[in-house]
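# Close look at the chain arrangement
So the chains spell out like this:
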Amino acid sequence: MAVSGVRRATGRSRPFVDRTDLMARFREELARSAEAPRLLNVHGLPGVGKSRLLREWKRAADGSGRTALLDLRLPGSHQVESALAQLRTEFGSQGVPFARFDVAYAAFWQKIHPLQSLRRPGELFGTNGDAAAKILEGASGASLIGAIAAGIRFSIEGFAAIKRNRLVKTEPDLGALEDMLTADLLDTVTRMFVQDLADASVAEPYVLFVDSYDVLGVVHGEEGRTFRDSWLRDLLEQLRHGLVVLASREPVRWQEWVGHMDSCKVQPLESRYCEELLFHAGVQDTARQAIITRASRGIPFYLELAVDTPERAAGEREVPQDRIKDRFLDHVPEDRRRVLQRLGLARLFNRSVFMRFVKDDTLWDELIQYSFVQRISGDWYQLHQLMVDALQAQWTQDRQRPEHRVLQLFWEEYADDPHAHTPVGAPPARPAAGIAPLQEAVYHGLRAGRLAPEEVLRYADRTKAVFGSQSVNGIVTDIGTYLEQGGRDTDASRELDCVARCLAAEDHVLRGRGREAQQVLAGQDPDTATPLGARTALAAAHAHRLVGESPAARDTFELLWTGPEEAVRGMAGFALADITMCAGDFRSAFRLAAEVHEGSGPDESVRRAEVKRLMHLAHRFLLDFPAARELLEEAETLFRASNSIHGLADIQTNTAELLALTDPVAAVAAADTALETQRSLGVGHEVGKALTARGIAQTRLGRLDEAQGSFAGAVQALEAAGYRSGRARAELFRAFLHIRSGDDGQAMSSLRWAARKLEAAGVYPFLSILAHKAAERRGYSDATLEAIRLRSEDLVVPLVPYAVYERRMDALLDVLLPERGQS
């Protein structure tokens, strides 16, 4: 039994025992880093004390130099931009000036938040953001970057104000920010951080601690484990004048650090040190120390849990892990435990969440002092997962449902206004970095029993509208976890599984990944008479089309267009009109498009915009460029009215494609804009289309080497996306580049290959005709191209007499293949 009068230490004040050799090892590495950059990898079992060791090392180094800790357990720390902002704040508070980084980061931040103006100095980095503050003050309160071209391009006015700043004028990289693609701008942000830190660290080296590297790991079944760590490795590789300490469960083996890296393993504590820790924690009975030590297996985390567990009854000799978890809360007062039970249901909580369950906010400061309450970021916290398991084990699912409903409502309201529910007298709650509020609403709504499968679809659509398509992936993952925990044998579970598959397939389709969508939907036989079944069938049809299986796609589109399910009829009709147009039957396509447009309600501006965009494509393929331009402008107006990010992005691609045939100089700039947008959205097949347009324009301008690079990039992007028809189109237009380069042999090979692929996919017969015409113009007689042309002519049904359409094709060839000496 513990000796009376001995005060039991809390988890945060318990002594740091043993680790003498590790402390010496750190001092050795610290000395070596004064001569060359060093990386020390500390690894060991979970719970063995790596995080505590890093804190002790950081405390030991604080007096001799600057230190910072990057904890990858924080929700928002898995991307380079948020990690750099965190490190900048910590180093900045120790006197490191980040003049260049602040300007570059402000530009990057505004670029990815085009609708949020930076109007007050220090909004990004607080009082430490000196350079950023001066720049923003010089911008006269205007946004650095306007929401132009789908919220991506820089505003000329805002950036002109920045460029007047002396700092920007003297730094070439900063002066070029307005011309950078998003990825290049992020690289510049990283480089500016490294340069600023290096400049400040020549005389005073730093130590950077990186905790919980394993969070970046991804398990891929039997294929093993990979890490999404390229940004971290790139950042660390650029650092100089200091020591990096990286904590992980398994040792890392980075070839780029060979000769500058060493590792050490954190071993479980020996029995005598476990007993020492327990003694100082107030457990002085030697028999009890032995029981706890044996059960802990030398893992400090379990020792701390055992200390928080009340004394066992006389005669009990074993302390199994599950009993420790069951009993660790016994020392917590009943009212505190009830609050912790509720907070344990939340994956992330702050004071506002806390106040949903209690009215006495004086408990908050006491609550967050418990050792099992972990600060995640700012004023956001989590309970350790072992504690969550213990808390939830005491509740039935029926008892948990009302509390999940409370959390569902909180996250719905938080999504609408993150600052609307701050308790009186408390500072405004900062948004939770790296988490989508509506995803949390789905997570809790499912567990509250308040979300039917079809309602989850509506939540996901709302999430996509607010946060983009990438946010839906988190919902899909959460559904999978929910099903694993609750089983998959009920009708509701099976339907929810179908929802997850449908959402995942739609995301693949949006990004042009037809094969991946087909894999997700493998084995599905959706009932097209239900909303979910019809939507799943529609995703499957789009996947068929992307991989070149047009007949199967067309059959499904037609079935849904004439079927009973209103929710997908308009989308299916649009897709049917699109595939009919691509097959060459322009008359039928326009008739279908008119029906879809007439059937679209006043609140379906996106649908009407898509129809206008489709009609633009048809007129472009009919080579009626004035009509195509007019319809494209109408579509853009509708997309802007509905704030459709992806719709406006596709307008950028289509603009580049149209200009490539009418104004090649303007087309190059338009293609660059489209590329930047589509890359930021991760839509690979649209990237390939934009590169194709740029290649056509560069070919027309005689910039053949540049065109070769554009077409090579287009081919790579389109093949990666599995977009067969787009790949064939790119090869067809690359043939004109070969002709202009004087490589007729390669040109003929490209023309034949493209025509065969187009015919096999059942699309763009007019391009196959163009391929044969180009061969004839070069004086080549090719039986393959001639046969494909004859079959293609039977498929093309233009809006004008065929002879008129053929003259348009000849005029286009005059532009694409001018006589030598002509531009």
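Note that the structure is a prediction, hence the values are computed from the model and not measured. The residue numbers shown here count from 1 along each chain, following its written sequence. Since the coordinates come from a predicted model, pLDDT governs what is reported: local features require at least 70, and pairs of side-chain atoms require 80 or more to be given and counted, while whole-chain, interface and lining totals use all residues. As a rule here, side-chain values come from all non-hydrogen atoms in the structure, and water together with hydrogens is ignored.

Along the backbone of the chain there are 39 helices and nine strands. Each residue's exposure class comes from its accessible area (1.4 Å probe, protein chains only) as a fraction of the maximum for that residue type: buried when under 20%, exposed when over 50%, partly exposed otherwise. Per-residue burial for the chain yields a buried fraction of 54% across its 823 residues. For the purposes of this entry, the term helix denotes a DSSP run of H or I that reaches at least four residues, the term strand denotes a run of E that reaches at least two, and both are numbered from the N terminus.

Before going further, it helps to examine the packing of aromatic side chains. The pairing test for Phe, Tyr and Trp rings, Trp by its six-membered ring, is centres within 6.5 Å, and the orientation test on the planes gives stacked under 30 degrees, edge-to-face over 60, and tilted for anything in between. The tally for this structure, following the rule as stated, stands at 23 aromatic pairs. Measuring from ring centre to ring centre gives 5.9 Å for Phe 98 and Phe 101, while their planes differ by 70 degrees; the resulting arrangement is edge-to-face. For Phe 98, a relative accessible area of 1% gives the class buried. Ring centres 5.9 Å apart and planes at 65 degrees place the aromatic pair Tyr 764 and Phe 766 in the edge-to-face group. When its relative accessible area of 5% is taken as the criterion, Tyr 764 is described as buried. Pairwise contacts between aromatic rings join Phe 98, Phe 101, Tyr 105, Phe 108 and Phe 193 into one cluster. A ring is scored as having a charge over it whenever the NZ atom of a lysine or the CZ atom of an arginine sits within 6 Å of its centre and within 35 degrees of its normal. Arg 347 extends its terminal NZ or CZ atom over the ring of Tyr 443, reaching a point 3.9 Å from the ring centre.

Moving on: a negative patch on the surface. Here the term patch refers to residues with relative accessible area over 30% and no salt bridge, with like charges joined within 9 Å and nonpolar side chains (Val, Leu, Ile, Met, Phe, Trp, Tyr) within 5 Å. Working definition of accessibility: Shrake-Rupley area with a 1.4 Å probe, residue cover restricted to the visible protein chains. Each salt bridge in this description consists of a side-chain nitrogen of Lys or Arg and a carboxyl oxygen of Asp or Glu lying within 4 Å of one another. When charges are counted, neither His nor the chain ends are considered; positive counts come from Lys and Arg and negative counts from Asp and Glu. To locate a charge, take NZ of a lysine, CZ of an arginine, CG of an aspartate or CD of a glutamate. Negative charge collects at one region of the surface, where Asp 184, Asp 187, Asp 234 and Glu 237 lie side by side. Of all the secondary structure elements, the ones that give two or more residues to the negative patch are helix 9 (182-201) and helix 10 (230-238). Here Asp 234 is to be found in helix 10. For Asp 234, a relative accessible area of 38% corresponds to the partly exposed category.

What follows covers helix 23 (residues 491-510). One less than the number of residues in a helix, times 1.5 Å, gives the span that helix is expected to have. Between its terminal C-alpha atoms helix 23 stretches 29 Å, which fits the 28 Å expected from 20 residues at 1.5 Å a residue. One or two steps after helix 23, the chain reaches Gly 512, where phi turns positive at roughly 80 degrees.

Attention now moves to the side chain of Gln 408. By the secondary structure assignment, Gln 408 is in helix 19 (residues 397-416). The contact partners of Gln 408, leaving out residues within four places of it in the chain, are Ala 441, His 444, Gly 445, Ala 448, Arg 450, Leu 451 and Tyr 459. The contact criterion used is simple: two residues touch if any of their non-hydrogen atoms lie within 4.5 Å.

In this structure, Met 581, Phe 736, Leu 751 and Tyr 764 are the most contacted members of the largest nonpolar core, which totals 98 residues. Considering each element in turn, this core owes the most residues, nine residues, to helix 27 (residues 566-582). Sequence-distant contacts of Tyr 764, that is, excluding residues within four places in its chain, are made with Cys 582, Phe 621, Tyr 723, Ser 725, Arg 729 and Leu 758. Grouped together as the second largest cluster of nonpolar side chains are 48 residues, Leu 74, Leu 348, Leu 391 and Val 456 included. Residues belong to a common nonpolar core when they are buried Ala, Val, Leu, Ile, Met, Phe, Trp, Tyr or Cys residues joined through side-chain atoms within 4.5 Å.

So, on to the pattern of salt bridges. Following the criterion strictly, the structure yields 46 salt bridges and no others. The partner of Arg 32 in a salt bridge is Glu 29, and the shortest N-O contact between them spans 3.4 Å. Taken as a pair, Arg 32 and Glu 29 lie in helix 1 (residues 20-32) at a separation of three residues, close to a single helical turn. A relative accessible area of 0% places Glu 29 in the buried class. Of the charged contacts in the structure, one is a salt bridge between Glu 440 and Arg 347, with a shortest N-O distance of 2.6 Å. Taken together, the residues span a long stretch of sequence, with Glu 440 in helix 20 (residues 437-447) and Arg 347 in the loop between helix 15 (334-343) and helix 16 (351-357) at a distance of 93 residues.

With that settled, the discussion passes to the sheet that holds strand 6 (residues 242-248). Spatially, five strands are ordered 2-3-6-1-7 in an open sheet, and the strand pairing comes out parallel. Strand pairing shows two members of the sheet lacking a second neighbour, strand 2 (66-71) and strand 7 (261-265), which therefore form its edges. If you compare each strand with its neighbour and ignore which way they point, the axes differ by 15 degrees on average. As paired elements, strand 1 (residues 38-43) and strand 6 share six bridges and run parallel to each other. If DSSP finds at least two bridges between two strands, the strands pair. Only C-alpha atoms enter the line fits that serve as axes; for helices the fit covers just the stretch in contact. Angles between N-to-C directions range over 0 to 180 degrees.

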